[in-house]
Amino acid sequence: MEMDALIALSAAAVSAGTPLLYAALGEILCERSGVLNLGVEGMMLAGAVCGFLVTVATKSPAAGIVAAMLAGGALAAIHAFMAITLRVNQIISGLALALFGAGLSSYLGKHLIGVPLPVSPVPVWLPGLSEIPVIGPAFFRQDLLVYGSYILVPLAWFWIHRTRPGLHLRAVGESPDTADAMGVNVCRIRYAYIVIGGMLAGLGGAYLSLFYAPCWIENMTAGRGWIALALVIFAVWNPLRALAGAWLFGGIEALGFRIQILGAAISPFFLKMLPYLFTIVVLILFTVYSRRKRIGAPAALGLPYERE
Amino acid sequence: MFVIERRSAPSNLYRILSPVLAVLSALVFGAIFLKLSGFEPLAVYGSMWRGAFGDAYGLSETLVKAIPLALCAMGITVAFRMSLWNIGAEGQLYAGAMAAAWLALTFPDAPALALLPAMVAAGMTAGALWALIAAIPRAWLGANEILTTLMLNYIAIFWSEHLIHGPWKDPASFNFPLSPAFSEAARLPAFGDTRIHAGLIFALAAAAVLTILLRKTKWGYELRLIGSSPVVADYAGISIPRHILIAMAASGALAGLAGMAEVSAITGRLQYGLSPGYGYSAIIVAWLAKLSPAGILAMSVLFGGLLVGGYAVQFIGVPAAAVNMLQGAMLFFWLAADFFGSYRVIFRGRPQEVR
């Protein structure tokens, strides 16, 4: 009996962690190139609303997912233009993007509140794998986009750490001058990864509105974009650690829900605070830890690049 | 091909024109958006203008919205001056509102002369303490204040929802999530029969005090020095952690004061939707005003007008969120306008090949 509850909780943790994971992966790629994009929340919201809008219009979740990625990528391109071409302060441009994305999504989603999804994507049980005891029901009876994240995480890790384009990416984020001298086009690489990062954030948003919820609610990301930014720090800009972190945060969210359903004597509002409290506590603990271990962000993170 | 060159300094004319240019560009952008979604942009802007500035009532409502915007933006300015990114004004506003509401609900029979100053003090203290939760780990450990202040916004809002659903719920509210109404003594006085309240005096006083502090005192100078060059500040023997704590506390206190004024003067009780995102809009206000208190007063009136105008056009079906989008666009255009002040773009043909 307790085992069943644990399996259900793990499955819920993976599901709740997936939007965070996509957004965090996108931000890792972006920050590895040396650009901080604080607009994740806005890009996720834009992805969520555009994904929902297009799915309602076309009855095709696939089209919705593509639209969500395009929306996230388009918003990220604004930030790229601001941060790279115009050399604007990346923090303030990212904040502008977060606020703009939130406004844009509420505007576009005005008539989608209460609209049901015409097609509800069902979980896909992976043949064979879903029958493995414990692990099967927890990890292999999920939505297709969850499986997508299983593939994307090792792929992103391999790309960053073991390939030549990945080396260029890291070089641009750590020392753009050196990369430039090596003949790497710093601006082009940064543009590319910011936009890819935005597309992944949009995908994370689409997972929320098309699979997790599935519906459109104003500001439905409820701070997940910001939690994803914190996740990038805990993950030390490493996709594999981001996976663990995202599921842990998903677990906290799922746990809050479970306790609420069980009818505990705690106010539901305190349970809703859990992920945010947890983020603050982990962020503080991690700051202490990382100072001791001397690990940190890509060296050129947040600095505009100006050729000598 | 083109190259980008740094200008020695933006021209004076451009410095004055650039905010205007940014606002106009954002309005053009908004017009395209409205047109695409089937509205008549000029008609929408016309009703927004009439709603916000067209008559005495609209104008007074615009000022009512400008008060919390100005107070929050001035708090944000104190932190932003030293490159401390306090984006938690929303949560600090709620913290101030809760503390003020607690006093008003606990001492319903207290006279206004004692209760109102106490509520002001409580609101400012609560806002400051709420900001310090993020400032202390930032000052001593370097924990990212952007994320902690933002997380604290959600926590403060959920806390206020807990209070109005649970311990502070009005038994006579027919199950609506509201606190009981405050006594008359706990209500900030208003001017005439408008809703413009004494918070306006707080905002004007805060602007005056802040202008002097930032321009004329050692503290203001040190804030700017830390903001532009923390290494130099450190060499000069300025204690950065201490300044972080003071700046964040001051920042939170101003936002807390905004929260106190909202519950005391506008709602008269703790309830849902106390702030339609004042703390977030205030970030844009502060930045558009170039972190100057006088500029903030002007920008707050503009943004207050946008909010009121946004409500006005809801009746013709334009989503109120259009205003939030417009605000974000204004910040983008302002950032771009700033770029063209300090850089020039020179277009030229492809560089000639050297033979």
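This one's a predicted model, so the numbers in the text were calculated from it and none came from an experiment.

**Points about the overall build of chain A**
Now for step 1: Assigned secondary structure in chain A consists of 12 helices and 0 strands.
Now for step 2: For chain A, the N- to C-terminal ordering of α and β elements is α-α-α-α-α-α-α-α-α-α-α-α.
Now for step 3: Since a compact globule built from 308 residues should have a radius of gyration of about 19 Å, the 19 Å found for chain A is in line with a globular shape.
Now for step 4: Along the three orthogonal principal directions, the C-alpha set of chain A runs to about 65 × 45 × 40 Å.

**Notes on the packing of helix α5 (residues 112-141) of chain B against helix α10 (residues 240-267) of chain B**
Residues and elements named next belong to chain B.
Now for step 1: In the contact formed by α5 and α10, the axes pass within 6 Å of each other and the chain directions differ by 145°. For the pair α5 and α10, the crossing hand works out as right-handed.
Now for step 2: Residues of the contact of α5 with α10, tallied by class, amount to 21 nonpolar, 7 polar and 1 charged.

**Let's talk about the interface of chain A and chain B**
Now for step 1: Between chain A and chain B, the residue contacts involve 38 residues of the former and 37 residues of the latter.
Now for step 2: Element by element, the count of residues in the side of chain A that touches chain B is highest for helix α12 (residues 268-293) of chain A, at 13 residues.
Now for step 3: Class assignment of the residues belonging to the side of chain A that touches chain B gives a composition of 27 nonpolar, 7 polar and 4 charged.

**Focus on unusual backbone geometry**
Now for step 1: Phi at A:Arg87 takes a positive value of approximately 55°, unusual for a residue other than glycine.
Now for step 2: Considering the arrangement of structural elements, one finds A:Arg87 in the loop between α3 (61-85) and α4 (90-108).

**Things to note about the nonpolar core**
Proteins that are soluble and globular tend to have nonpolar side chains buried together.
Now for step 1: Grouped together as the largest cluster of nonpolar side chains are 231 residues, with contacts concentrated most on A:Ala24, A:Leu231, B:Leu71 and B:Cys72.
Now for step 2: When neighbours within four sequence positions are excluded, B:Leu71 is seen to be in contact with B:Phe202, B:Ala203, B:Ala206, B:Leu254, B:Ala255, B:Leu257 and B:Ala258.

**A look at helix α11 (residues 239-261) of chain A**
All names here are of chain A.
Now for step 1: In this model, α11 (23 residues) spans 33 Å end to end at C-alpha, consistent with the 33 Å of a helix rising 1.5 Å per residue.
Now for step 2: Here α11 has its buried residues at Pro239, Ala242, Leu243, Gly245, Ala246, Trp247, Phe249, Gly250, Ile252, Glu253, Ala254 and Gly256.
Now for step 3: Those residues of α11 that are buried lie in contact with α1 (2-32), α6 (144-162), α10 (224-234) and α12.
Now for step 4: Count one or two residues on from α11 and you reach Gly263, which has phi positive near 75°.

Definitions and cut-offs
- Residues numbered from 1 in each chain as written.
- Chains lettered and ligands numbered in written order.
- Predicted model: local features only at pLDDT ≥ 70, side-chain atom pairs only at ≥ 80, totals over all residues.
- Helix = DSSP H or I, 4+ residues; strand = E, 2+ residues; numbered from the N terminus.
- Rg over C-alpha atoms; globule rule 2.2 N^0.38 Å.
- Axes fitted to C-alpha atoms, helices over the stretch in contact; angles between N-to-C directions.
- Left-handed = near helix turned anticlockwise from the far one by under 90°.
- Nonpolar A, V, L, I, M, F, W, Y, C, P; charged D, E, K, R; others polar.
- Contact = placed C-beta atoms within 7 Å.
- Core = buried A, V, L, I, M, F, W, Y, C linked by C-beta atoms within 7 Å.
- Buried ≥ 20, exposed ≤ 12 C-beta atoms within 10 Å, placed from the backbone.
- Expected span 1.5 Å × (residues − 1).

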